[in-house]
Amino acid sequence: MTHVRNAAMALVALLLVVAGAWTSWNSAQHVLLAKGREHGTLTVTGCTDDTCSGRYAPEDASSTRRTLTIARSVAAERGVTIPVVVKPGTDEGVRTGWGGGLHAWLPLGGALLLAAPLIGGGLRLPRTAWSAAGAGAALLVAAFFAL
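A quick note: this is a predicted structure, and the numbers were derived from the prediction, not measured.

S.K.: Which residues make up the packing of helix α1 (residues 2–32) against helix α2 (residues 97–104), and what are the values?
M.R.: Taken N-terminus to C-terminus, the directions of α1 and α2 make an angle of 160 degrees; their axes are 8 Å apart at the nearest point. The orientation of α1 with respect to α2, classified from their angle, is roughly antiparallel. Note on packing geometry: the crossing formed by α1 with α2 is left-handed. Contacts between α1 and α2 involve Ser24, Ser27, Ala28 and Val31 from the former and Gly97, Gly100, Gly101 and Ala104 from the latter. Looking at the contact of α1 with α2, its residues break down into three nonpolar, five polar and no charged.

Quick look at the structure:
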């Protein structure tokens, strides 16, 4: 019975961390593997609850100016200019630099924090749990200060 409980706890903790990494990678890949993608700046003109949009000015003069959307963060206010990379085939931008990279990995930080009690209490691995919680909290705090 103990082995079944441990296996179930390990599976749920692993599922949380993998889901956080998978969700993070959807945005982080554009920041980390930005070579060959369209770069520019986005001047925020308005925000909704989930996204902000604005005028996009590409670095490449041959590219066209257009309106892009970006995931809303606390740092995106009207009139702010944000360096972005455009997701291929879309009109959606992803913030670049340290702030953008850390912002993209926020779901992984949250997943690590959620998995820590399962690791510590369910699997009885307190050092590993504290390490996971510390890494998740450090990621969240670093993203807060970078933005």
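S.K.: Please give an account of the nonpolar core that cites residues and values.
M.R.: The tendency in soluble globular proteins is for nonpolar side chains to be buried side by side. If you look at the biggest cluster of nonpolar residues, it comprises ten residues: Leu42, Val44, Cys52, Tyr56, Leu68, Ile70, Ala76, Ile82, Val84 and Val86. Only β1 (39–47), β2 (51–58), β3 (66–71) and β4 (81–86) provide two or more residues apiece to this core. Look past the residues within four positions of Tyr56 in its chain and what remains in contact with it is Glu38, His39, Gly40, Thr41, Leu42, Thr64, Arg65, Arg66, Leu68, Val84 and Val86. In terms of nonpolar packing, the next biggest core, distinct from the first, is built from seven residues, Leu112, Ile119, Ala129 and Ala132 among them.

S.K.: Lay out the state of the cysteines in plain terms, naming residues and giving numbers.
M.R.: Scanning the model with the defined rule gives one disulfide in all. The disulfide bridge from Cys47 ends at Cys52, spanning 2.0 Å between sulfur atoms. Across the disulfide from Cys47 to Cys52, rotation about the S-S bond amounts to roughly 105 degrees, and the bridge is consequently right-handed. A relative accessible area of 1% places Cys52 in the buried class.

Conventions and cut-offs
Residues numbered from 1 in each chain as written. Predicted model: local features only at pLDDT ≥ 70, side-chain atom pairs only at ≥ 80, totals over all residues. Heavy atoms only, no water. Axes fitted to C-alpha atoms, helices over the stretch in contact; angles between N-to-C directions. Helix = DSSP H or I, 4+ residues; strand = E, 2+ residues; numbered from the N terminus. Parallel < 35°, antiparallel > 145°, perpendicular 65-115°, else oblique. Left-handed = near helix turned anticlockwise from the far one by under 90°. Contact = heavy atoms within 4.5 Å. Nonpolar A, V, L, I, M, F, W, Y, C, P; charged D, E, K, R; others polar. Core = buried A, V, L, I, M, F, W, Y, C linked by side-chain atoms within 4.5 Å. Buried < 20%, exposed > 50% of the residue type's maximum accessible area, 1.4 Å probe, protein only. Disulfide = S-S within 2.5 Å.

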